[in-house]
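Observations on the model geometry
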Amino acid sequence: MAEYILNLLPVTEEEKAAFQAAAPRAVHVCAGRRTVTAEQLEQATILFGWPRPADLSRAPRLKWFQSMWAGTDEYLAPGVLPEGVVLTSSAGSNSQSVAEHALACLLALCRRLPQCRDQQRERLWTDPGKMKTLSGATVLVAGAGHIGSWFAGLCRGLGAHTVGLKRDVSRPVEGFDQVLPISRLDEVLSQTQVLIMALPSTPETVNILSRERIALLPETACVINVGRGTALDQDALAQALNSGR
């Protein structure tokens, strides 16, 4: 019996043709996350995209689910996936895109672009404050995986000293001048001008950037989180920001 591939990805006609060519004997059905029908879910043996977790219980024939995202937390709760389903993620596929976005955000902060934009709209021609540069700055990347490595390489190209934190430091990672075990986070925070967080959500990473660790950062440090939101104490961060740090 032919595989029934239910594709919830936002694909172009050219991409649809590529899927068809990769599995010419399969039945290919493209649908939107919000428009997928009960009948389509019931027939699906392979599913691509980002379905609502509750919908997966309506796919009894499912064999393989390929998530559009790197994080799969919402699909790993007991009872979400039918028994025996193979779950794969898109970890690594968006590394360049996310790293470039993080760099754009960082440079906007360093050059005070949000303030300049707001002043321009208000026709205020005042000094927005001292600008920062990445040249000579220490950039600490908590989570030296695909995204962290790509981001570190970009910062290194602009003259930054890059330090990566990860669990396994037995192998070198591209883009970093130094790679340390994540257990040494407290030691390096006080010398960090830029902290980039690219961590998954695990029991070890929940609130890893705590109130106490935020206090270790220099007052003018930049913090950018492109990983899971659970990795930082958001209330403590808001209080630090409101206090002028």
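Everything numeric here is computed off the predicted structure, so don't read it as measured data.

1. Considerations on unusual backbone geometry
Excluding glycine, a negative phi dihedral is what most residues carry, and trans is how most peptide bonds are arranged. The phi dihedral of R112 falls on the positive side, at around 55°, and the residue is not glycine. Here R112 is to be found in the loop between α3 (95-110) and α4 (113-121). On the basis of relative accessible area, R112 is assigned to the partly exposed category, the value being 23%.

2. As for the sheet that holds strand β10 (residues 222-225)
In sheet architecture, strand pairing relies on hydrogen bonds along the backbone and comes in two forms, parallel and antiparallel. As summarised here, the arrangement of the five strands in space is β8-β7-β6-β9-β10, forming an open sheet in which the pairing is parallel. For this open sheet the edge positions go to β8 (178-181) and β10, each flanked by a neighbour on one side alone. Going across the sheet, the axis of each strand differs from the next one's by a mean of 20°, ignoring polarity. Alignment of strand β6 (residues 138-142) against strand β9 (residues 194-197), held across four bridges, turns out to be parallel.

3. Things to note about the confidence of the model for the chain
Residues of the chain with pLDDT of at least 70 account for 100%, and the chain-wide mean is 93. Within the chain, β6 carries the highest mean pLDDT (98), whereas α4 carries the lowest (93).

4. Remarks on the pattern of salt bridges
Opposite charge on two side chains lets them pair, provided their charged atoms get close. Scanning the entire structure with this criterion turns up eight salt bridges. As a salt-bridge pair, R58 and D55 come within 2.9 Å of each other at their nearest N and O atoms. The exposure class assigned to D55 is buried, which follows from its relative accessible area of 5%. The salt bridge partner of R117 is D118, with a shortest N-O separation of 3.1 Å. Given the relative accessible area of 41%, R117 is considered partly exposed.

Basis of the calculations
- Residues numbered from 1 in each chain as written.
- Predicted model: local features only at pLDDT ≥ 70, side-chain atom pairs only at ≥ 80, totals over all residues.
- Heavy atoms only, no water.
- Helix = DSSP H or I, 4+ residues; strand = E, 2+ residues; numbered from the N terminus.
- Buried < 20%, exposed > 50% of the residue type's maximum accessible area, 1.4 Å probe, protein only.
- Pairing = 2+ DSSP bridges.
- Axes fitted to C-alpha atoms, helices over the stretch in contact; angles between N-to-C directions.
- pLDDT = per-residue confidence, 0-100.
- Salt bridge = Lys/Arg side-chain N within 4 Å of Asp/Glu carboxyl O.

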